[in-house]
Amino acid sequence: MRVAVFLRHHFHDPILRPIAERLRQQHEVLVSSEKWDLVDFNPHVFVAAESLRAFRFHYYLPFTLFVHTRHGLASKGVALESARFSHYTCLTSFEMQAWYETRRVRPRRDFWVCGYPQMDAAVTFASESAPLPIPSGRKVVLYAPTFQFGLTSVCMLGESTLDRLKGGRDDVFVLIKPHPLIAKHHPDWLANLQAQAAARDDVYLARDVDSDLMPFLRAADVLVSDGSSALLEFLAFDRPIVLVTNPDREKETFYDPSGYEWQWRDMGEEVFDADSVAPAVARALADPAARGERRRHYRTRLFGDLLDGRSNERISTRIDRLQYEIAGPRRMALARSWARLARALSGRN
């Protein structure tokens, strides 16, 4: 088979690259961020972590099967649409599948309950990334804010972000891993965080905004976040969470009150203003077992028994089996002709 892998953003690499490498053992694989390279490749199967509606790949590739892995586990108002535009959507549990189905949403063919591939290296300690520069003997607080204006906590924490995150303790080391799209959409936010972190030896801000979140989650004793998928992924590690809720969330397009990121706020201590962050961090560090029962309850609902480091193996195996469903040579030749005509009509000669 020809398998296209759409690397829309560099931060999708930890999700998609392991799948691509496995598939490359048996199939012809193209990994690219270029739309027209992928269309010209005329793939039998198209794998993406991104929602595909805006790119109209289905229009250009009418006989291609689309597999959606997701990037992040929060809804953010796009999860349902993304499933509708895939033939197969990868999920972490049957509980999550039920969440889609109760909203009357299914992919064109089926859900694949196979786990979340980005977490494989995190739960098996198989990451190839360089170790984080954390001094020994420190408690680690990770700050992982999202990028949407109405969901993020960056503007709420303001100029005293680092002091709030330390929870009034001298033994705390702060890791900051902003959502990669903060650099693109709100560079001033990133510049402010960089200015606060400069010349301090009690903080490390990710230099590469596209770097994998998983090593940061694995290193943290406490997570501070907002409406980010990091909240849900951190459930895998059963450690305390402080959830900062933006008062403007209901004005935000990406706010989905039915999403787990909002339905499960009791997974940690929820706070609604900047002054409450430091005391909440202090409590989380002092009593990490607090709310543990709720965390483990949600962890089971979210991941089932699929936190075994084999998610990308399961997805790759499912894709292998698509060779029995793919369009034959005549249809693929027709698809190539159609793609060329459609591209010409769109002015993309």
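Here is a short report on the structure shown in this document. (Residues numbered from 1 in each chain as written. Predicted model: local features only at pLDDT ≥ 70, side-chain atom pairs only at ≥ 80, totals over all residues. Heavy atoms only, no water.)

1. Some thoughts on the state of the cysteines
The final tally for this structure, using the stated rule, is zero disulfides. Between Cys-90, a free cysteine, and Cys-114, which holds the nearest cysteine sulfur, the sulfur-to-sulfur gap is 4.1 Å. Classification of Cys-90 by relative accessible area gives buried; the value is 2%. (Disulfide = S-S within 2.5 Å. Buried < 20%, exposed > 50% of the residue type's maximum accessible area, 1.4 Å probe, protein only.)

2. Notes on the nonpolar core
In terms of nonpolar packing, the biggest core is built from 65 residues, with Tyr-100 and Ile-319 touching the most fellow members. Leave out the neighbours within four places in its chain, and Ile-319 touches Met-1, Ile-19, Leu-23, Val-45, Val-47, Val-67 and Trp-112. With 31 residues, the next largest nonpolar core counts Leu-181, Val-209, Val-222 and Val-281 among its residues. (Core = buried A, V, L, I, M, F, W, Y, C linked by side-chain atoms within 4.5 Å. Contact = heavy atoms within 4.5 Å.)

3. Re the pattern of salt bridges
Between side chains of opposite charge, pairing is possible as soon as their charged atoms come close. For the structure on display, the rule yields 23 salt bridges. With a shortest N-O distance of 2.5 Å, Arg-283 and Glu-269 are connected by a salt bridge. Of this pair, Arg-283 sits in helix α14 (residues 277–286) while Glu-269 sits in strand β12 (residues 269–271); the two residues are 14 residues apart in sequence, bridging distant segments of the chain. Judged by its relative accessible area of 15%, Glu-269 falls in the buried class. Sharing partners across several salt bridges, the network here consists of Asp-163, Lys-166, Arg-200 and Asp-202. (Salt bridge = Lys/Arg side-chain N within 4 Å of Asp/Glu carboxyl O. Helix = DSSP H or I, 4+ residues; strand = E, 2+ residues; numbered from the N terminus.)

4. A few points about the sheet that holds strand β6 (residues 110–113)
Pairing is parallel across the open sheet formed by six strands, whose spatial order is β2-β1-β3-β4-β5-β6. Among the strands making up the open sheet, the edge pair consists of β2 (28–32) and β6. Averaged over all adjacent pairs, the angle separating strand axes in this sheet is 20°, with direction ignored. Relative to β2, strand β1 (residues 2–6) runs parallel, the two being bridged by five bridges. Residue pairing across strands places Arg-2 opposite Glu-28, the latter belonging to β2. Set on the sheet, helix α5 (residues 94–101) makes contact with β5 (88–91) and β6; between it and β6 the angle comes to about 155°. (Pairing = 2+ DSSP bridges. Axes fitted to C-alpha atoms, helices over the stretch in contact; angles between N-to-C directions.)

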